[in-house]
Amino acid sequence: MKFYCLKCKKEYPLNGLDYKCECGGLFRLKKGNEEKVDIEISLGEVRTPIIMKEIEGVKLHLKFDYLMPTGSFKDRGALVLINALKQLGITEIVEDSSGNAGASIAAYCAAAKIKCNIYIPENTSEGKIKQIKAYGARVIRIPGTRDDTANRVLEAARNIYYASHVYNPLFFEGTKTIAYEIYEQIGVPDFIFSPVGNGTMLLGIYLGFSEIGKLPRIIGIQSGNCCPVYNKFYGKEDMEVRSTLAEGIAVKKPARIDEIIDAVKESEGDMVKVTEDEINEFYKLLGRMGIYVEQTAAAVIAGAVKYCKENSIAENMVKVAPLTGTGLKK
Ligand SMILES: [Zn+2]
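Residues numbered from 1 in each chain as written. Predicted model: local features only at pLDDT ≥ 70, side-chain atom pairs only at ≥ 80, totals over all residues. Heavy atoms only, no water.

Per an unreviewed UniProt entry, the chain is named Threonine synthase, and its organism is Koleobacter methoxysyntrophicus. Within the UniProt record for the chain, the comment given under Cofactor (unreviewed entry) is "pyridoxal 5'-phosphate". (UniProt positions renumbered as here; feature names shortened; annotations may be inferred.)

### Some thoughts on the coordination of the zinc ion
Protein-derived ligands of the zinc ion are C5 (SG), C8 (SG), C21 (SG) and C23 (SG), with the metal-ligand distances lying across 2.3 Å. By relative accessible area, which is 37% here, C23 ends up partly exposed. (Donors = N, O, S within 2.8 Å, 3.2 Å for Na, K, Ca; no water. Buried < 20%, exposed > 50% of the residue type's maximum accessible area, 1.4 Å probe, protein only.)

### A short note on the sheet that holds strand 9 (residues 161-162)
The strands making up a sheet associate through backbone hydrogen bonding, with each pair oriented either parallel or antiparallel. One open sheet accounts for 4 strands, arranged 8-7-6-9; its pairing is parallel. The two strands at the open ends of the sheet, each matched to only one other strand, are strand 8 (138-142) and strand 9. The pairing of strand 7 (residues 115-121) with strand 8 spans 5 bridges and is classified as parallel. Paired with N117 across the strands is R138, a residue of strand 8. Docked against the sheet, helix 4 (residues 146-156) engages strand 6 (92-95), strand 7, strand 8 and strand 9, running at close to 155° with respect to strand 7. (Pairing = 2+ DSSP bridges. Helix = DSSP H or I, 4+ residues; strand = E, 2+ residues; numbered from the N terminus. Contact = heavy atoms within 4.5 Å. Axes fitted to C-alpha atoms, helices over the stretch in contact; angles between N-to-C directions.)

### A short note on unusual backbone geometry
One non-glycine residue with positive phi stands out, namely K9, at about 70°. Structurally, the position occupied by K9 is in the loop between strand 1 (2-5) and strand 2 (11-12). Even without being a glycine, K113 presents a positive backbone phi close to 55°. Examined against the element boundaries, K113 turns out to sit in the loop between helix 2 (100-112) and strand 7. Given a relative accessible area of 73%, K113 falls into the exposed group.

### A closer look at the UniProt feature "domain: Tryptophan synthase beta chain-like PALP" (unreviewed entry) in the chain
Mapped onto the present numbering, the UniProt feature "domain: Tryptophan synthase beta chain-like PALP" (unreviewed entry) falls on residues 41-324. Between the C-alpha atoms that bound residues 41-324 there is a distance of 22 Å. The span itself is 43% helix and 18% strand.

### Section: empty space enclosed by the protein
Overall, the coordinates contain 1 cavity of 30 Å³ or more when judged by the stated rule. One number sums up the size of the largest cavity: a volume of about 70 Å³. Its residues assigned to classes, the lining of the largest cavity comprises 8 nonpolar, 3 polar and 1 charged. Taken together, domain 1 (1-35) and domain 3 (75-167) each give at least three residues to the lining of the largest cavity, which thus spans both. (1 Å grid on protein atoms, 1.4 Å probe; cavity = no way out; pocket = protein on both sides within 12 Å on 5 of 7 lines; lining within 4 Å. Points joined across faces, edges and corners; volume = space filled by probe spheres on them. Nonpolar A, V, L, I, M, F, W, Y, C, P; charged D, E, K, R; others polar. Domains from an automatic or database assignment.)

### A word on the packing of aromatic side chains
Under the counting rule described, the total for this entry stands at 11 aromatic pairs. Ring centres of Y19 and Y162 lie 5.5 Å apart, and the angle between their planes is 75°; this geometry places the pair in the edge-to-face category. Residue Y19 is located in the loop between strand 2 and strand 3 (27-30), and its partner Y162 is located in strand 9; the two are separated by 143 residues in the primary sequence. An angle of 45° between the planes, with centres 6.0 Å apart, marks the rings of Y162 and Y167 as tilted. Neither Y162 nor Y167 differs from the other in exposure class; each is buried. Three or more aromatic residues joined by ring pairs form one cluster here, namely F3, Y12 and F27. Sitting over the face of the ring of F233, K265 holds its NZ or CZ atom 5.7 Å from the ring centroid. (Phe/Tyr/Trp six-rings, centres within 6.5 Å; stacked < 30°, edge-to-face > 60°. Lys NZ or Arg CZ within 6 Å of the ring centre and 35° of its normal.)

### Looking at the packing of helix 10 (residues 276-288) against helix 11 (residues 295-310)
Two elements in contact, helix 10 and helix 11, have axes separated by 8 Å at closest approach and are oriented at 100°. With respect to each other, helix 10 and helix 11 are oriented roughly perpendicular. Packed against helix 10, whose contacting residues are E278, I279, F282, Y283 and L286, the element helix 11 presents Q295, A298, A299, I301, A302, V305 and K306 at the interface. (Parallel < 35°, antiparallel > 145°, perpendicular 65-115°, else oblique.)

Printed below as a string of structure tokens:
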């Protein structure tokens, strides 16, 4: 297996310090048909259940991905990435995420005995990093903005392996397993709804179903308060970004924005944005159904129901929406 640049096709080894190409292009994974990452280190991942529920008259197959070991689908990515790094002999990594990705990577590093350094903005709330610290990761707080944190992690990444959930294709090699599971459980659905922040799930869905050989229509969901992908997809001016309840998808400048848009277009999909009121409404509604998830997950269900109603999607169409993260972390 190798990384290759999406722009100029230059190849790079998996265990190098380059996290993107010298030409500026981002990496994707190059591998033979039979090649895959061996899983030796496990935290008890499950094949998450898929259960059909009717929500406001719309029948959705919910994929319970918050039942993963650290409480979010990001474990899919961390499982494959950290197993691969262990086998490559990597002993220390850096990463920047105070959210679900940070927790997943910290947990699998702990299991793999890889030293883990997580860079976060100084003003990150203690509650958000409690789980990361519990896994024994070193947390480095950086003063200033999210961009300052990004710059500092890139500085550190000159000497230490950057196990990025955004740049490292091995992470997407893991998130794509959701497509294979859905395929085994119900076949290729007609529609699949996905949160869009950095696109870790959406691109995983795209890569997985591409390998399977048939793409469902991929509908990306963003919060109206932070929707750079929605705006670019529809050729709209970027508007001012405001804070949103859907913290997990509040990404101002997704590095893989063009890949995300290409994937949605190739699938003949669409982009949807939801309001804060809609997120809150579906957060409560899911709770009353016995489903306690993070607000980012509620945003996806809100977007899915809205899309199906507005576009009069036929009842017999198979529609899948993932429940990305537990509500228990807050
Ligand atoms: Zn290149």
